[in-house]
Amino acid sequence: MELTPFVERLRRDLTDAAAAGGPEAQAAAERLALALDPATRMMLLEALSQAADEITGELESDAVDVRMSGREPQFVITHVEPAGPPAPPAPPEPPAPPEPEDDSQSRITLRLPESVKVRAEEAANGIGQSLNAWLVDAVRSALDGRRIDLEIGSNRITFSEEGVRRKQIRGWVS
């Protein structure tokens, strides 16, 4: 999906509205519209991402993701196949302490190596979650002190209440 026509239309509408204020207002509006181009693209991308999450929530066996191809977003639909007969239900975990009544959300930018992102998407799809929901669960688990085992390639790292315990770490870090 190309965002440029939407950004240009917004720029055109802003300069048209400023035309009533004269040439100075119109010139200021053109400069402002150019300066707002990145913010406009980011807001459009956020709206598309939120829409994809809502659509995924309504689907039973498919997930909709928004991925960037250069500067343009693309919708990707992934079909999640059930992995054979359902496993017996796990014993219920003790209830987590209630979260504060704060329903507000914060947005952060997380930069992952592409290989890690692909594996995280596969893990999320494997349990029928969006990548965002999977990451939120991982952060909550870490904050609640539950044990989290991460395997990246041949490396395995365990997070628990005591902190980080390294197991089977091979390789190098630069």
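The structure contained in this document is the topic of the report that follows. Keep in mind it's a predicted model, so treat the numbers as computed, not measured.

## Describing the overall build of the protein
In terms of helices and strands, the protein carries five helices and five strands. When the helices and strands of the protein are read in sequence order from the N terminus, they spell out α-α-α-β-β-α-α-β-β-β. Sorting the 174 residues of the protein into buried and exposed places 18% on the buried side.

## Topic: a nonpolar patch on the surface
Taken together, the side chains of M1, F6 and F75 make up a nonpolar region of the molecular surface, amounting to roughly 310 Å² of accessible area. With respect to the helices and strands, the residue M1 is situated in the segment before helix 1 (4-18). Its relative accessible area of 45% is what places M1 among the partly exposed residues.

## Some words on the pattern of salt bridges
With the rule as written, the count across this model stands at five salt bridges. Put simply, R41 and D37 hold a salt bridge, and the shortest N to O gap is 3.1 Å. Within this pair, R41 and its partner D37 are both found in helix 3 (residues 37-58), separated by four residues, close to a single helical turn. Given a relative accessible area of 12%, D37 falls into the buried group.

## Examining helix 3
If you check helix 3, its first and last C-alpha atoms are 32 Å apart, about what 22 residues at 1.5 Å a residue would give, namely 32 Å. Of all the positions in helix 3, only D37, T40, R41, L45, L48, A52 and T56 are classed as buried. Buried residues along helix 3 cover an arc of 145° about the axis, so they all sit on one side. Facing away from the buried side of helix 3 by over 90 degrees, the exposed positions are M43, E54, G57 and E58. Each element contacted by the buried residues of helix 3 is listed here: helix 1, helix 2 (23-35), strand 1 (62-69) and strand 2 (72-79).

## Description of helix 4 (residues 114-126)
The end-to-end C-alpha separation of helix 4 is 18 Å, in line with the 18 Å expected for 13 residues at 1.5 Å each. Along helix 4, the residues classified as buried are A120, E121, A124 and N125. Down the axis of helix 4, the buried set is contained in an arc of 135°. They therefore lie on one face. Set apart from the buried face of helix 4 by more than 90 degrees, the exposed residues are S115, E122 and G126. Contact partners of the buried residues in helix 4: strand 1, strand 2 and helix 5 (131-143). Immediately beyond the C-terminal end of helix 4, within one or two residues, lies G128, with a positive phi of roughly 75°.

## Some remarks on the side chain of E121
Mapped onto the secondary structure, E121 falls in helix 4. Looking at E121, its side chain comes within polar contact range of the side chain of K117, at 2.8 Å. Those residues in contact with E121, other than ones at most four positions away along the chain, are R67 and L131.

## What to know about the packing of helix 1 against helix 2
Contact pair helix 1 / helix 2: the axes reach a minimum separation of 8 Å and the direction vectors enclose 160°. It follows that helix 1 is roughly antiparallel to helix 2 by the angle criterion. You can see that helix 1 and helix 2 cross each other, and the crossing is right-handed. Contacts from R11, L14, T15 and A18 in helix 1 reach A25, Q26, A29, E30, L32, A33 and L34 in helix 2.

## Overview of the environment of L32
Within the secondary structure, L32 sits in helix 2. Sequence-wise, L32 and L14 are 18 residues apart; in three dimensions their C-alpha atoms are separated by 9.0 Å.

About the thresholds
Residues numbered from 1 in each chain as written. Predicted model: local features only at pLDDT ≥ 70, side-chain atom pairs only at ≥ 80, totals over all residues. Heavy atoms only, no water. Helix = DSSP H or I, 4+ residues; strand = E, 2+ residues; numbered from the N terminus. Buried < 20%, exposed > 50% of the residue type's maximum accessible area, 1.4 Å probe, protein only. Patch = residues over 30% accessible without salt bridge, like charges linked within 9 Å, V, L, I, M, F, W, Y side chains within 5 Å. Areas by Shrake-Rupley, 256 points an atom, 1.4 Å probe, with all protein chains shown as cover. Salt bridge = Lys/Arg side-chain N within 4 Å of Asp/Glu carboxyl O. Expected span 1.5 Å × (residues − 1). Arc of directions from axis to C-beta. Contact = heavy atoms within 4.5 Å. Polar contact = N/O pair within 3.5 Å; in protein donor to acceptor, adjacent residues only side chain to side chain. Axes fitted to C-alpha atoms, helices over the stretch in contact; angles between N-to-C directions. Parallel < 35°, antiparallel > 145°, perpendicular 65-115°, else oblique. Left-handed = near helix turned anticlockwise from the far one by under 90°.

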